[in-house]
Amino acid sequence: MIQIHRLNFSVGNFALKDVSLHVEPGEYFVVLGPSGSGKTLLMECLCGLNRIHSGEIAIDGRDVTRLEPRNRGIGYVPQDYALFPHRTVRQNVCFGLETAFLFPSAFRRLFGHRPEESISARVTELIDSVGISHLVDRLPGKLSGGEKQRVALARALAIEPKVLVLDEPVSALDEQTRDALCRQLKRVHRSTGTTTIHICHNFAEMMTVADRVGIIHQGRILQVGTPQEILQRPNSTRVARFVQAGNLFPARAQNSGPWTVLNGTGAMQFRAPAAEAATIDGQVTVMVRPENIRLEASPPENPPPGTTVLEGSIRDAVDLGPTIRLSVACGNEGEELEVSLGKKEYHKRQAGVGDRVFLLVAPQDIHLMRE
Amino acid sequence: MNDPLSSETRASAPVTGWHGRVFAASMMAFVVLFVVGLMAVFAADVSYIDAESFAHVIRSPEVRHAVWLSLWTSTATVGVGLLFAIPMGYALSRYRFPGHAVVDSIVDLPIILPPLVVGVSLLVFFYQTSVGKWIHEEVLEFAFQHQGIVLCQFLVASSFGIRAIKLTFDGIDPRIEHVAMTLGSTRAGAFFRVALPMARRGIIVGGILIWTRAFGIFGPLMVFVGTANSNRVLPTKIYLDTSVGKLETALAATVLMLILAATALIIVRIVGLRQR
C-alpha cells in the first residue's frame, strides 16, 4: 500500500537517512520516536510537503514521489491541527469537498460514486461521526484541544483519503481525553478501513492504537514490528531503552549445553535458551522486562529448568496505580533489578521495602542484543 | 463528548498586585502624553480659526478641488499599492532566493529617503532616460498629470504597506497552507482561500498605512506634478497658503484635512478590523 524506498532528505543539520518503510493496506501503523527524531519530517515527505533528495514513495503501487500534495490522496492532520481560523467548524470540514469542484478528477473521485449526496449531507454525516455536531458554527479559536483534534480529523476524512496521516494527534491533550480520542481514532479506522499512519512519542499511546510500529531515531528507522515484538524483542539497546525495557545490563555469553550462560557483573548470572543466543556470542546486552520477573517471599522449592533465581532486598517501591514498580538490590555490587507487579499480587506477597525476596526469571523471558 | 476546557472560560486578565498596576499606569502614561500632546497641537490650530473663516474655506472651489483630488488619488494609491504589496509581502515572506536581504532592504528605501527625492528622481527618469521617455511619449504621461500624483504617492507610501503585509504573512504558519494543499488545493488556491483571508486584518492595516502616507505628502508632488491649481492636493494647498502668509486659510484646510483623515481612519478601523 505505502512503500517508502531509501528516502533521503535533509534540512539544516538533520537528515532522514535511507528510510525504507512498508505499510500494509488498511493497517494502523505507528511511527514512534523521541522528539527531534524526524517523524514529522518523514510524514511531510510522504504528504509531498517536502521535496525529497532521493528515494521513492509509492501509494497503491503508484509512484507519487513527484506528485503535488493534492494528488497523493493523503489526509493530513498536523500536530497543532492547523485549522483554518477564519472558517467555522463546518466550513473547515467542507474545505476539501469545496475544492473538489475546481478539479474534475477530484470531483469524479469524491462525487462520482455518490452523486446524489450533497456536500452538506456528507459533512453532516462526518461531523456526527466524530461527535462535533454541537460545534458546527464555532470558529476554531473557540474550541478546546480535543474539539480541534476531532474537527481536523473530520476535515481530513472528508476527502476520503487513501491514507490518513496523524501527526501526534493527541499529544497536547490531557490523559483522559487522550485515551478517549485514541479509542475514537481506532473506531474510525475500523469503520473506514483507511490506511492510517500515526506519529507519536508516547509508548502507551502506541500500544492503544498500533497494528504495527516503526521506531525512528535520528532520522533512521531502527525497527519495524508488532507492538509485542518491539516490546519483547527489541533489536537494539536504543529501541529497548525507548520502549522502557527496564532491566538492561552487559554480560558475556557462553554456551553450556541447552543453555547459554550469561555472566554479568556481580550476581547478574542468567540462563537463556541456546537458540536465543545462537547467533550471538561474546559480549551481549541482556534485557529482562520488569513484568516478566516473578517475585517470591521465600526460596522457590522446584523452579522450572533453567530458571534463574536471584536473592535480593526491596530497596524501593513506587505505586503506579494498577501496578507497583519495585527496585530490588541483588548481590553485593549494588546491582538492581526493576520488577513490576500487579497491585493485588504485590499485596499477596506481603513484601515491603527492606524485605528479603527471591526473583525468578524464566529463560524464555531473557532477550539478548548484540550491542 | 464535551471537553471542559474552552477558550470562552479563559480569564481575560491575570490577577496583579500594586506593582502590576503601577507598571500598567506607567505604560498608559506614555499613551496619554502622546495623545494629549497631539490633540493640544491640533486644538491650537482649531482655536486660531473661527467658524466663519472655516466655512468660507470649505466652500472655496479651490479647497473643494484639493480635497477631492487628495481623496481620490490617495484611494487610488491604496488600490495600486495593495496590488503590489500583497504579492510582494507574500513572496518576501514565503520564498527564499539569492539576494533576498538586498531586495528586502530596497523595498524599505522609500521609507528612509526624503520624499522630495522621489519627485526629482521621477523627473530625471521620465525626461532623461530612454525607457522613461518612451513611457512618457508612448504609454502614459505622468509628469504634471493627476496620474503623476498617484505615482508619487505610490512610490513614497507603498513600502509601508508592503512591510505591514509581509509581517502579517510571516505570522501565518505556512503549515496551514500546506494542509490546504493536502485537501486538494493548488499553491495558488491555498493562497487565495487560506492565506489571503487570514491576512485580512494585516492587509487593511497596510492599506491604512498607504492611505495615510499618501494623503499627507506634497514634497515630490511639487516637483513632479507642479503647483498648478488643477494639480494641488490638500497638503500642497496648505503649504502654498502658509508660504504666502495666508495662515488662517492654511489652518482651516489643515483642520479639514484632520477631520477627513480621522473620519476615514475610524471608519476603516471599525468596519475593516472588526472581529468576526
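Keep in mind it's a predicted model, so treat the numbers as computed, not measured. (Residues numbered from 1 in each chain as written. Chains lettered and ligands numbered in written order. Predicted model: local features only at pLDDT ≥ 70, side-chain atom pairs only at ≥ 80, totals over all residues.)

**Side note on the overall build of chain A**
Helix and strand counts for chain A stand at 10 helices and 20 strands. Structurally, chain A occupies a C-alpha span of about 75 × 45 × 35 Å along its principal axes. The buried share among the 371 residues of chain A stands at 41%. (Helix = DSSP H or I, 4+ residues; strand = E, 2+ residues; numbered from the N terminus. Buried ≥ 20, exposed ≤ 12 C-beta atoms within 10 Å, placed from the backbone.)

**What to know about the overall build of chain B**
The helix and strand tally for chain B stands at 13 helices and 0 strands. Order of helices (α) and strands (β) in chain B, N terminus to C terminus: α-α-α-α-α-α-α-α-α-α-α-α-α. Across its three principal axes, chain B shows a C-alpha extent of roughly 75 × 55 × 30 Å. Residues classed as buried in chain B amount to 33% of the 276 residues present. Sequence-distant contacts, at least 24 apart, represent 78% of the contacts inside chain B between residues at least 6 apart. (Contact = placed C-beta atoms within 7 Å.)

**A short note on helix α13 (residues 247–272) of chain B**
All names here are of chain B. A rise of 1.5 Å per residue sets the reference length of α13, with its 26 residues, at 38 Å; its end C-alpha atoms lie 36 Å apart and thus fit the reference within 8%. Within α13, burial applies to T249, A250, L251, A252, A253, T254 and M257. Looking at the buried positions of α13, the neighbouring elements they touch are α1 (18–48), α2 (51–59), α3 (61–94) and α12 (234–243). (Expected span 1.5 Å × (residues − 1).)

**Considerations on the packing of helix α2 (residues 89–100) of chain A against helix α3 (residues 104–111) of chain A**
Residues and elements named next belong to chain A. In contact at an axis separation of 7 Å, α2 and α3 are set at 120° when each is read in the N-to-C sense. Classed by the angle they form, the pair α2 and α3 counts as oblique. Residues L97, T99 and A100 of α2 lie in contact with α3, whose contacting residues are A106, F107, L110 and F111. When grouped by side-chain class, the residues that make up the contact of α2 with α3 number 6 nonpolar, 1 polar and no charged. (Axes fitted to C-alpha atoms, helices over the stretch in contact; angles between N-to-C directions. Parallel < 35°, antiparallel > 145°, perpendicular 65-115°, else oblique. Nonpolar A, V, L, I, M, F, W, Y, C, P; charged D, E, K, R; others polar.)

**Details of the confidence of the model for chain B**
Residue and element names in this part refer to chain B. Averaged over every residue, the pLDDT of chain B is 89; the share at 70 or more is 94%. Note on residues 1–11: pLDDT under 50 across the span, and 13 contacts to partners over four residues away in sequence or across chains. Here the complex is predicted with pTM 0.81, and the ipTM for its interfaces comes to 0.82. (pLDDT = per-residue confidence, 0-100.)

**Description of the interface of chain A and chain B**
Between chain A and chain B, the residue contacts involve 31 residues of the former and 23 residues of the latter. Sorting the residues of the side of chain A that touches chain B by element identifies β6 (74–77), α2, α5 (145–157) and α6 (175–192) of chain A as the ones contributing at least two each. A total of 4 residues in the side of chain A that touches chain B trace back to one element, the largest contributor, which is α2 of chain A.

**Remarks on the pairing of strand β8 (residues 195–200) of chain A**
Residues and elements named next belong to chain A. With respect to burial, β8 is a largely interior element, 6 of its 6 residues being buried. In β8, alternate side chains face the same way, and those of T195, I197 and I199 on one face and T196, H198 and C200 on the other are all buried. The pairing of strand β3 (residues 28–32) with β8 spans 5 bridges and is parallel. The partner of L32 across the bridge, within β8, is C200. Both strand β7 (residues 163–167) and β8 contribute to a ladder of 5 bridges, which runs parallel. Among the inter-strand pairings, L166 is bridged to a residue of β8, identified as H198. Once the chain exits β7 it traverses α6 before rejoining the sheet at β8, and the crossover so formed is right-handed. (Pairing = 2+ DSSP bridges. Right-handed = clockwise from strand over helix to strand, strands pointing away.)

**So, the environment of I314 of chain A**
Following the sequence through the fold, I314 of chain A ends up in strand β16 (residues 308–319). Overall, I314 of chain A belongs to the partly exposed group, with 19 C-beta atoms counted inside 10 Å.

**As for the sheet that holds strand β2 (residues 14–23) of chain A**
Hydrogen bonds between backbone groups are what pair the strands of a sheet, and the pairing can be parallel or antiparallel. Residues and elements named next belong to chain A. Strand order in the open sheet formed by 4 strands is β2-β1-β4-β5, with antiparallel pairing between adjacent strands. Single-partner strands in this sheet number two, and they are β2 and β5 (62–63). Two elements, strand β1 (residues 2–11) and strand β4 (residues 54–59), share 5 bridges in a ladder whose sense is antiparallel. Paired with I2 across the bridge in β4 is I59. Against the sheet, helix α1 (residues 39–47) engages β1, β2 and β4, with an angle of about 115° to β1.

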